[in-house]
Amino acid sequence: YLAGVSSARKGRIATALTIGVLCVPPYISYWIWGLIRLPGSPLGDYLAQSSPFMHHFAGVVQLWWGLTMWVWPIPALTIAAALGRIPRSRSDLLTLDAAGRIRKLIVFLREAQSGVLLGFFLAFLAVISAAIVFDLASTSTTGLTTYSEMLRRLHAEVPDNTAILFASFPFTVPMLLLALL
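Residues numbered from 1 in each chain as written. Predicted model: local features only at pLDDT ≥ 70, side-chain atom pairs only at ≥ 80, totals over all residues. Heavy atoms only, no water.

Participant: So what exactly am I meant to see when it comes to the overall build of the protein chain here?
Facilitator: Looking only at helices and strands, one finds eleven helices and zero strands in the protein chain. Overall, the protein chain shows an N-to-C arrangement of helices and strands of α-α-α-α-α-α-α-α-α-α-α. Expressed as a percentage of its 181 residues, the buried residues of the protein chain come to 22%. Pairs at least 24 apart in sequence give 66% of the contacts found in the protein chain among residues at least 6 apart. By element, 71% of the accessible surface of the protein chain is carried by carbon and sulfur atoms, the whole surface being about 13,100 Å². (Helix = DSSP H or I, 4+ residues; strand = E, 2+ residues; numbered from the N terminus. Buried < 20%, exposed > 50% of the residue type's maximum accessible area, 1.4 Å probe, protein only. Contact = heavy atoms within 4.5 Å. Areas by Shrake-Rupley, 256 points an atom, 1.4 Å probe, with all protein chains shown as cover.)

Right, dumping it as structure tokens:
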């Protein structure tokens, strides 16, 4: 639906804005929602006087709301592409059959289920790889725990950071060159 807005120009603008949201790092979205929890704001003052559970719950809500606001364009683009492949005659036939909005929604979701599933999968991958946001939220994940343990062991075995830097060059330089291509 997003790309198929009433005109091609509006569709291109909507698609460009959607892709623009993807260019914003996920921690920015998390941080922006954190501004409403600052002391002096109504929510911040309420949380300062509430139980630790409420404070933790607000942090979890902020984490998932921030990630959702960052990741929504991924399924939006895949669903829009899937809906764009549905012929216009399908909508016309449903209108002639006097199908209600719920019936139309069910038919269109069934027709676009590949885009919905692909969007869910890609959004899942994006969220699972957004380790910085989970770290900012002080949420323990397997990836962060493993990474922290690996760094702790590395620094215990090799206390000199320069040696670690030079040891990483055989892996870092080819990956950097590959990324620049």
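Participant: Help me out: how do you make sense of the nonpolar core in this one?
Facilitator: For soluble globular proteins, nonpolar side chains are generally found buried alongside one another. Of all hydrophobic cores here, the largest spans ten residues; its members are Tyr-30, Leu-63, Leu-67, Trp-70, Val-71, Ile-74, Ala-123, Ala-126, Val-127 and Ala-130. Broken down by secondary-structure element, the contributors of at least two residues to this core are α4 (52-71) and α8 (113-128). In this structure Ile-74 touches Leu-22, Gly-119, Leu-122, Ala-123 and Ala-126, once residues within four positions along its chain are discounted. (Core = buried A, V, L, I, M, F, W, Y, C linked by side-chain atoms within 4.5 Å.)

Participant: What is the right way to look at a nonpolar patch on the surface in this model?
Facilitator: A contiguous nonpolar patch, built from Leu-118, Phe-120, Phe-121, Leu-122, Phe-124, Leu-125 and Ile-128 and spanning about 700 Å² of accessible area, is present on the exposed surface. Take Leu-118: it is sitting in helix α8. (Patch = residues over 30% accessible without salt bridge, like charges linked within 9 Å, V, L, I, M, F, W, Y side chains within 5 Å. Salt bridge = Lys/Arg side-chain N within 4 Å of Asp/Glu carboxyl O.)

Participant: Before we go on, may I ask you to explain the packing of helix α2 (residues 26-34) against α4 in this structure?
Facilitator: Two packed helices can be described by the angle between their axes and the distance between those axes. For the pair α2 and α4, interaxial distance at closest approach is 8 Å and the crossing angle is 130°. Taken as axis vectors, α2 and α4 run oblique relative to one another. You can see that α2 and α4 cross each other, and the crossing is right-handed. Residues Pro-26, Ser-29, Tyr-30, Trp-33 and Gly-34 of α2 pack against Gln-62, Leu-63, Trp-65, Gly-66, Leu-67, Met-69 and Trp-70 of α4. Along the lines of polarity and charge, the residues of the contact of α2 with α4 split into eight nonpolar, four polar and no charged. (Axes fitted to C-alpha atoms, helices over the stretch in contact; angles between N-to-C directions. Parallel < 35°, antiparallel > 145°, perpendicular 65-115°, else oblique. Left-handed = near helix turned anticlockwise from the far one by under 90°. Nonpolar A, V, L, I, M, F, W, Y, C, P; charged D, E, K, R; others polar.)

Participant: What's the story with the packing of aromatic side chains in this structure? I'm lost.
Facilitator: The description of an aromatic ring pair rests on the distance of the ring centres and on the angle between the ring planes. Applying the stated criterion across every chain yields a total of one aromatic pair. When the ring of Phe-53 is compared with that of Phe-57, the centres are 6.2 Å apart and the planes differ by 20°; the resulting orientation is stacked. Here Phe-53 pairs with Phe-57, and both are found in helix α4, just four residues apart, close to one helical turn. Taking relative accessible area as the criterion, Phe-57 reaches 43% and is therefore assigned partly exposed. (Phe/Tyr/Trp six-rings, centres within 6.5 Å; stacked < 30°, edge-to-face > 60°.)

Participant: Help me understand the layout of surface pockets, please; the structure alone is not making it clear to me.
Facilitator: It is the rolling of a water-molecule-sized probe over the atoms that shows where space remains empty. Taken as a whole, the second largest pocket spans an internal volume of roughly 170 Å³. Trp-64, Leu-67, Thr-68, Val-71, Trp-72, Pro-75, Phe-120, Ala-123, Phe-124 and Val-127 together form the lining of the second largest pocket. Elements with a minimum of two residues in the lining of the second largest pocket: α4 and α8. Residues that form the lining of the second largest pocket fall into these classes: nine nonpolar, one polar and no charged. (1 Å grid on protein atoms, 1.4 Å probe; cavity = no way out; pocket = protein on both sides within 12 Å on 5 of 7 lines; lining within 4 Å. Points joined across faces, edges and corners; volume = space filled by probe spheres on them.)

Participant: Any chance you could explain α2 here in plain terms?
Facilitator: The periodicity of an α-helix, 3.6 residues per turn, causes residues three or four places apart in sequence to face the same way. Looking only at α2, the buried set comprises Pro-26, Ser-29, Tyr-30 and Gly-34. Seen end-on, α2 carries its buried residues on one side only, within an arc spanning 140°. (Arc of directions from axis to C-beta.)

Participant: Explanation requested: the side chain of Ser-41 in the structure shown.
Facilitator: The residue Ser-41 is located in the loop between α2 and α3 (42-49) in this model. Of the residues examined, Ser-41 reaches a relative accessible area of 14% and is grouped as buried. In terms of polar contacts, Ser-41 uses its side chain to reach the backbone amide nitrogen of Gly-44, at 3.0 Å. (Polar contact = N/O pair within 3.5 Å; in protein donor to acceptor, adjacent residues only side chain to side chain.)

Participant: What am I meant to see in the side chain of Thr-78 here?
Facilitator: Mapped onto the elements, Thr-78 comes out in helix α5 (residues 73-84). For Thr-78, a relative accessible area of 13% corresponds to the buried category.

Participant: Where do I start with the packing of α5 against α8 in this structure?
Facilitator: Interaxial distance between α5 and α8 falls to 8 Å at its minimum, and their mutual angle equals 165°. On the basis of their axis angle, the class for α5 and α8 is roughly antiparallel. Here α5 and α8 pass one another in a crossing that is right-handed. Every residue of α8 that contacts α5 at Ile-74, Pro-75, Thr-78, Ile-79 and Ala-82 is listed here: Gly-115, Val-116, Leu-118, Gly-119, Leu-122, Ala-123 and Ala-126. Tallied by class, the residues present in the contact of α5 with α8 amount to nine nonpolar, three polar and no charged.

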